[in-house]
Amino acid sequence: MVSKTVQVINPMGMHMRPAQLFIKTITPFACDVTILANGQEINAKSIMNLMAACIKQGTEIEIQCNGADEEAALKAAVELVESGLGE
């Protein structure tokens, strides 16, 4: 398992559009991807779970990847969050 903590920087947080982009980016990876935020453990491949987590701007999230392609998945997820989730 690999993990990294990053801060959500886009103004609206993880609302529908960024959540969709996040899912689209990490779904091709075979590993499990989990986000730890606000005391919750979130399946990061589930748009409903991401939306329900209410991740706002400034929230620190820990992205955990566990599986065959975990390094590549973590790199892609971290780059996406650090770039502002497409916004």
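Bear in mind the structure is a predicted one, so any value in this text is a computation, not a measurement.

Rules behind the numbers
- Residues numbered from 1 in each chain as written.
- Predicted model: local features only at pLDDT ≥ 70, side-chain atom pairs only at ≥ 80, totals over all residues.
- Heavy atoms only, no water.
- Helix = DSSP H or I, 4+ residues; strand = E, 2+ residues; numbered from the N terminus.
- Pairing = 2+ DSSP bridges.
- Axes fitted to C-alpha atoms, helices over the stretch in contact; angles between N-to-C directions.
- Contact = heavy atoms within 4.5 Å.

A. Unusual backbone geometry, seen in detail. At N38, a position not held by glycine, the phi torsion is positive, near 50°. Locating N38 in the fold gives a position in the loop between β2 (32–37) and β3 (40–43). Despite not being glycine, C54 has its phi angle at roughly 55°, a positive value. Secondary-structure assignment places C54 in the loop between α2 (47–52) and β4 (60–66).

B. Spotlight on the sheet that holds β3. Strand order in the open sheet made by the 4 strands is β1-β4-β2-β3, with antiparallel pairing throughout. Both outer strands of the open sheet, β1 (2–7) and β3, are each paired with one neighbouring strand and no more. Averaged over neighbouring strand pairs, the angle between their axes works out to 25° when direction is ignored. Judged from the 5 bridges that link them, β2 and β4 form a sheet pairing that is antiparallel. Bridging from a neighbouring strand, V33 pairs with C65 of β4. Along the sheet, helix α3 (residues 70–82) contacts β1 and β4; its crossing angle with β1, the most-contacted strand, is approximately 0°.

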